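Structural features, examined
For reference, the chains in residue letters:
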Amino acid sequence: MENNNKIKGSEAFIRSLICEGVDTIFGYPGGAIMPVFDALYDFHGQINHILTRHEQGATHAAQGYARVSGKVGVSLVTSGPGATNTITGIGDAMIDSTPLVVITGQVAAPLLGTDAFQEIDVVGITAPITKWAYQIRRAEDIAWAVARAFYIARTGRPGPVVLDIAKNAQFQDVEFHYEPCTFIRSYIPYPDVSLDQVAEAARLIDTAKKPFALVGQGVTLAGAEAELKTFLEKTGIPAAWTLLGGSAMATDFHLNMGFLGMHGNVAPNIKTNECDVLIAIGMRFDDRVTGDLNRYAKQAKIIHLDIDPAEIGKNIKVDAPVLGSAKDTLPALTAMVNAASHDQWVASFEVHRQLEFDKVVEREVHPTEGEITMGEVVRKISEATDNKAVLVTDVGQNQMMAARYFNFTQGRSMVTSGGLGTMGFGIPAAMGAKVGAPDRVVCSFNGDGGFQMTIQELGTIMQEQIGVKLIILNNHFLGMVRQWQEMFFDERYSFTEMQNPDFIAIAKAYRIDGTEVHKREELDAAIADMLKDDKPYLLVVNVETKGMVFPMVPAGACVSDMVLES
């Protein structure tokens, strides 16, 4: 795309975003970025700008958008506090491998280093939590920087990029010419797949008697859900998923053994320490999955498929590394392995699944008396959407219960803050998810604590009429902290009990319909009312005050030492 007539840097910036296919920006204007916002005024209809109520909300919304759409999420904010308010979202995106381009305004280049009004070292602050952070000081660098930013954000292991644009560059005239970036020297986003590595992994799989696959978000990021299913079906290998790997396999897929980790299912956690070959696919052996590393899968040969060489061998000694995108490595591995079945091994998971059902699941999902439980709310809403909704969660007990009891039938249906565990993620991420997948139902489960951290984004939902379904599982506590206090701190509930506002009245003030449920018999009708149309809705469900998320692997314990009850 060329234009020999000079234009302002601010317009060049917007035209560069359009060249990258950007259709949505989440942002908040201010002085140092005002020229870009002024240029945006002339591109209404080509780029949809959504005015959030806080810059943190803009980054989380961009994350939600990216996670369901597979595109790069974009946020646009001003300098100083506008930029620093994005830090939590940037850090969250970095650890969860979410492709973002965060654009921050900056004071004019001649003022840099003078402590000018709303000047802050954005590049210095964000460099440790981005794939790339760059300051644009001249208009002629705008198109180059934008092309490079999007290439870095979306390729390889995705992640956030920050572009800090000085105000003078926005005003300067420039001849606009845009060339997409396709290569950066020393940056190798997609390593060549070594067939020797694949052959060694195939050899271990073919000799295994009890192979077990662990599925992470890398499968989703690579768009390799179909390739994963083909591999598992050919080999007959049972598989389990990490928190971010949820929805990479359909819940009812016959080789899906469930959820891994601290609050995961009993069977996959125990079988991790019984298998003879462990195949990790696009996951990073996070501590919430492994528990005590000194007692994790010591009996097994480890195969690790990952696109990031830094992850291989970082936490777990690997016997057969396979470097590359799951989109490439899974088909290569499938072609080399022998067709097999492991019926007896798969069947051995059932005794643990039945134990968990009897001791935990039945009581949580199908209670017959007492207070409403989180699990029954999650399962009822999942089933009411035909298990086709996008699940968005905040962080805490609501997150773990949603991950355990929401069912998936299609990919890119799990949006949650995994590595950083960001309370306040739920509302803005749900907004972004709905914008990114407007034809899907988006259900956001929140605790009463996390909901209040970004409650102002109800204003964005109101203004844009974003049809998200917000659910508060209200137990009047910071539930997960309270659970730890009960189990490990002698029931000393230090500053975790919450006196909450009238959430429905607040929603009404934002012109959002809603209802509050106190009794079990009210729940089905309230869910039906929430889902009757595509308008935003708030459902507050008062759940048991001291509910517990079980099973649980206590911090520092062996992954197979799960606690099933108080």
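From a predicted model like this one, the values you see are computed outputs, not experimental measurements.

**What to know about the nonpolar core**
Core analysis: the biggest nonpolar cluster contains 99 residues, and Leu232, Leu278, Ile303, Val377, Phe445 and Leu539 have the highest contact counts within it. Residue-level mapping places this core at the junction of two domains, with at least three residues from each of domain 2 (195–350) and domain 3 (371–542). Look past the residues within four positions of Ile303 in its chain and what remains in contact with it is Ala201, Leu204, Ile205, Val277, Leu278, Ile279, Ala280, Ala320 and Val322. Core analysis: the second largest hydrophobic core is formed by 41 residues, Phe43, Val101, Ala145 and Tyr151 among them.

**Comments concerning the pairing of strand E7 (residues 160–166)**
Within a regular strand, the side chains alternate between the two sheet faces. For E7, the buried fraction is high: seven of the seven residues fall into the buried class. By the alternation rule, side chains of E7 split into Pro160, Val162, Asp164 and Ala166 and Val161, Leu163 and Ile165, which are all buried. Looking at chain direction, strand E5 (residues 100–106) and E7 are connected through seven bridges and run parallel. In the strand pairing of E7, Ile103 is matched with Leu163. Two strands pair when backbone bridges link them, and strand E6 (residues 132–136) and E7 are joined in this way by five bridges, in the parallel orientation. Opposite Gln135, over in E7, you have Asp164 as the bridge partner.

**Here we look at the pattern of salt bridges**
Tallied over the entire structure, the rule returns 28 salt bridges. Lys532 is the partner of Asp529 in a salt bridge, and the nearest nitrogen-oxygen pair spans 3.0 Å. Judged by relative accessible area, Asp529 falls into the partly exposed class, the value being 29%. For Lys532, a relative accessible area of 59% puts it in the exposed group. Among the charged side chains, a network of salt bridges with common partners joins Arg157, Asp308, Glu311 and Lys314.

**Observations concerning the domain arrangement of the chain**
As far as domains go, the chain holds domain 1 (6–175), domain 2 (195–350) and domain 3 (371–542). Taking the mean C-alpha position of each, domain 1 and domain 3 sit 29 Å from one another. Across the interface of domain 1 and domain 3, roughly 2,000 Å² is buried in total on both sides, 61% from carbon and sulfur atoms. Three residues, Arg53, Arg67 and Val68, lead the burial of domain 1 against domain 3; their summed loss comes to 34% of the area buried on that side.

**Brief notes about the sheet that holds strand E17 (residues 442–447)**
The strand order E16-E15-E17-E18-E20-E19 describes an open sheet built from six strands, whose pairing is parallel. Across the chains shown, the open sheet's two edge strands, defined by having one partner strand only, are strand E16 (414–415) and strand E19 (513–517). By the bridge criterion, four bridges tie strand E15 (residues 390–393) to E17 in an arrangement that is parallel. Along E17, the bridge assignment pairs Val390 with Val442.

Definitions and limits used
Sequence order as written defines residue numbering, which begins from 1 separately in each chain. Per-residue local features of the predicted model are confined to residues with pLDDT of at least 70, and side-chain atom pairs are confined, for both listing and counting, to 80 or more; whole-chain, interface and lining totals are unaffected and use all residues. To obtain the side-chain values, all non-hydrogen atoms of the structure were included, while hydrogens and water were left out. By nonpolar core is meant a set of buried Ala, Val, Leu, Ile, Met, Phe, Trp, Tyr and Cys residues that side-chain atoms within 4.5 Å join together. The cut-offs for exposure are 20% and 50% of the maximum accessible area for each residue type, with area from a 1.4 Å probe on protein chains only; residues under the lower value are buried, those over the upper are exposed, and the others partly exposed. Source of the domain bounds: an automatic or database domain assignment. Contact between two residues is taken to exist if any of their heavy atoms lie within 4.5 Å; hydrogens are not considered. A run of H or I in DSSP counts as a helix once it spans at least four residues, and a run of E counts as a strand once it spans at least two, with each numbered from the N terminus. Note on pairing: two strands pair once DSSP finds at least 2 bridges between them. Salt bridges, as used here, are contacts in which a Lys or Arg side-chain nitrogen is within 4 Å of a carboxyl oxygen on Asp or Glu. When two parts are brought into contact, each loses some accessible area as probed by a 1.4 Å sphere; the total of that loss over both is the buried area.

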